[in-house]
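Here are the chains, one letter per residue:
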Amino acid sequence: MSALEKENTLGARITAEPRTDWSRSEVAALFELPFNDLLYSAQWVHRQYFDANAVQVSTLLSIKTGACPEDCAYCPQSIRFETAIDTHDLMPLEAVRAAAQRAKDAGATRFCMGASYRGPKDSQLEPIVEMVKAVKAIGLETCATLGLLRPGQAERLAEAGLDYYNHNLDSSAEFYEKIISTRTYADRLETLERVRTAGVKVCCGGIVGMGETRADRVGMLHTLATLAPQPESVPINELVPIPGTPLANTPALDPFEFVRCIAVARILMPRSHVRLSAGRSDFSDELQALCFFAGANSIFYGEKLLTTGNPDTAADRRLFERLGLVPEDAGMDARGRATQARAGMPAVEQCREQLPGAVAERLAAS
Ligand code: SAM
Ligand code: DTB
Ligand code: SF4
């Protein structure tokens, strides 16, 4: 056992290397920690692998919007709900290329293309394959979120140069059934497996604030953390309640509970990027700062998510400036980033020394 591990013989064992053997009770114990202990532990873990002041910046584009046959209760794009969105068919290649170029010029390093499919047919995938090639050629990392993938489709996307595929688990297996009836949790896991096998990096997270319990949030993060290997990118979305959807009137989650979700995700998945995703428009700068402190190190940047708003880019630039955050360079691995420690940042070794016994004792006691 390394000195680091010994130091952290906790009710929930925090180690330098990612673990995929977390138990649900360990995850629940992390959630129960006093807020300051949780954030301190998360920040400590964060600094093992990342420059704590660097944030990965992705831009989203909805390349096909609305008229989706699925019944995801949170989603304005389902054909089953009456929502005020502008639907459109698959965008032309040139329009996607131009949007990607604008995103790059504005400072994004990754471009995520979202489409309102249950899953594309092979014939529907081909134009998207061309989009992936075009975006890649601009010099951006590429990500797509197209729903369930059939055999061979992840390979087609991989050949085109797709870096990431986003497919969320959305919630715990138990709560999922209350939110979506048209596809199963197992379907989702199968798509994630196809993505992984094709050699495309996995972007997988979920939504909180849909009326689920703390136990469901524990379950979702536990499932994510026990995927082996863990997803490289973990978007944590706060529900954007959209008029016309069944979840339109869901009461908002306690903001501190959202921060706890980020912190627990950071501790469970030390090498993954944790993305502060949907919901940011309603967050104060102070709440976002807490999320970054808790270990969030990725955002969607650009005025629109898929159909809803996102903070404007000037506000995000100003926030970065006020917090001394810098956009992360693309293409460097997590260890490379950690060694990029900037002047003034406490050395990782120093942080290790400082992980207090008190945190360990409280965890062990809970
Ligand atoms: N149709 C594809 C699918 O479902 O996988 C891709 C697009 S879908 C809109 C991508 C993800 O956006 C969903 O899995 C969900 O996590 C998130 N999302 C959709 N509507 C949302 C909302 N109202 N609030 C927060 N997240 C939302
Ligand atoms: C993810 O986890 N969040 C993004 C992206 N992956 C595709 C989508 C958020 C959508 C929010 C609601 C909307 O704009 O329609
Ligand atoms: Fe369709 Fe995706 Fe929305 Fe579900 S989340 S309704 S699959 S677009």
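Not measured: the values here are computed from a predicted model.

### Here we look at the site of ligand 3
- Close contacts around ligand 3 come from Cys68, Glu70, Cys72, Tyr74, Cys75, Ser78, Ser116, Tyr117 and Arg183, and that covers them all.
- The cavity where ligand 3 resides is the largest cavity.
- For the shell around ligand 3, the class distribution of residues is five nonpolar, two polar and two charged.

### With respect to unusual backbone geometry
- Note the cis peptide between Ala228 and Pro229, where omega equals -5 degrees.
- By the element assignment, Pro229 lies in the loop between α9 (214-225) and β7 (233-238).
- Positive phi is not limited to glycine here, since Ala67 has a value of about 55 degrees.
- Mapped onto the elements, Ala67 comes out in the loop between β1 (54-64) and α4 (93-106).

### With respect to the layout of surface pockets
- By volume, the largest pocket amounts to about 450 Å³.
- Residue lining of the largest pocket: 24 residues in total, with Thr59, Leu60, Leu61, Glu303 and Lys304 positioned closest to the centre.
- At the level of secondary structure, the elements contributing two or more residues to the lining of the largest pocket comprise β1 and α4.
- No other element matches α4, which puts five residues into the lining of the largest pocket.

### What about the site of ligand 2?
- Taken together, 13 residues lie near ligand 2, and Asn168, Asn237, Leu306, Thr307 and Thr308 sit nearest.
- Within the side chain of Asn166, a nitrogen or oxygen atom sits 3.1 Å from a nitrogen atom of ligand 2.
- Here an oxygen atom of ligand 2 and a backbone polar atom of Leu306 are 3.0 Å apart.
- Relative to its free-state accessible area of 400 Å², ligand 2 is covered by the protein chains to the extent of 88%.
- Taking a 2 Å distance to the grid points as the criterion, the majority of the atoms of ligand 2 fall inside the largest cavity.
- Its residues assigned to classes, the shell around ligand 2 shows seven nonpolar, six polar and no charged.

### Some points on the environment of Asp282
- Note that Asp282 resides in the loop between β8 (273-276) and α11 (285-293).
- Judged by relative accessible area, Asp282 falls into the exposed class, the value being 67%.

### Some details on the side chain of Thr65
- Assignment of secondary structure puts Thr65 in the loop between β1 and α4.
- In this structure the side chain of Thr65 is engaged in a polar contact, spanning 2.6 Å, whose partner is the side chain of Ser62.
- Among the polar contacts made by the side chain of Thr65, one reaches the side chain of His88 at a distance of 2.7 Å.
- Apart from the residues within four sequence positions on either side, Thr65 is in contact with Gln77, Ile85, Asp86, Thr87, His88, Ser116 and Thr307.

### Comments concerning the nonpolar core
- Formed by 95 residues in total, the largest nonpolar core has its most connected members in Tyr74 and Phe111.
- It is helix α10 (residues 255-268) that contributes the most residues to this core, nine residues altogether.
- Filtering out sequence-adjacent residues up to four positions away, Phe111 remains in contact with Thr59, Leu61, Val96, Ala99, Ala100, Ala103, Val135, Leu140, Glu141, Thr142 and Cys143.

### Section: α4
- Taking 1.5 Å of rise per residue, the 14 residues of α4 would be expected to cover 20 Å, and the 20 Å separating its terminal C-alpha atoms lies within 8% of that figure.
- Along α4, the residues that are buried comprise Val96, Ala99, Ala100 and Ala103. The arc that holds every buried residue of α4, seen down its axis, measures 100 degrees, which confines them to one face. Facing away from the buried side of α4 by over 90 degrees, the exposed positions are Arg102 and Asp105.

### Some words on empty space enclosed by the protein
- What the rule picks out here adds up to one cavity of 30 Å³ or more.
- Reported here for the largest cavity is a volume of approximately 860 Å³.
- Forming the boundary of the largest cavity are 42 residues, of which Tyr74, Cys75, Gln77, Asn168 and Leu306 lie nearest the centre.
- Looking at the lining of the largest cavity, the elements that each hand over two or more residues are β1, β2 (110-115), β3 (141-145) and β7.
- Across the lining of the largest cavity, the residue classes break down as 21 nonpolar, 13 polar and eight charged.

### Comments concerning the environment of Phe111
- Within the secondary structure, Phe111 is located in strand β2.
- Along the primary structure Phe111 and Val57 are separated by 54 residues, whereas in three dimensions their C-alpha atoms are 9.0 Å apart.

### A look at the confidence of the model for the protein
- Scored by pLDDT, the protein has a mean of 88; 86% of the residues are at 70 or more.
- Within the model, the stretch residues 1-10 combines pLDDT values under 50 with 15 contacts to residues more than four positions away or in other chains.
- Per-residue pLDDT stays below 50 along residues 333-362; that stretch engages in 53 contacts with residues further than four places along the chain or on separate chains.

Thresholds, definitions, all that
Residues numbered from 1 in each chain as written. Chains lettered and ligands numbered in written order. Predicted model: local features only at pLDDT ≥ 70, side-chain atom pairs only at ≥ 80, totals over all residues. Heavy atoms only, no water. Near = heavy atom within 4 Å. 1 Å grid on protein atoms, 1.4 Å probe; cavity = no way out; pocket = protein on both sides within 12 Å on 5 of 7 lines; lining within 4 Å. Sits in = over half its atoms within 2 Å of the grid points. Nonpolar A, V, L, I, M, F, W, Y, C, P; charged D, E, K, R; others polar. Helix = DSSP H or I, 4+ residues; strand = E, 2+ residues; numbered from the N terminus. Points joined across faces, edges and corners; volume = space filled by probe spheres on them. Polar contact = N/O pair within 3.5 Å; in protein donor to acceptor, adjacent residues only side chain to side chain. Areas by Shrake-Rupley, 256 points an atom, 1.4 Å probe, with all protein chains shown as cover. Buried < 20%, exposed > 50% of the residue type's maximum accessible area, 1.4 Å probe, protein only. Contact = heavy atoms within 4.5 Å. Core = buried A, V, L, I, M, F, W, Y, C linked by side-chain atoms within 4.5 Å. Expected span 1.5 Å × (residues − 1). Arc of directions from axis to C-beta. pLDDT = per-residue confidence, 0-100.

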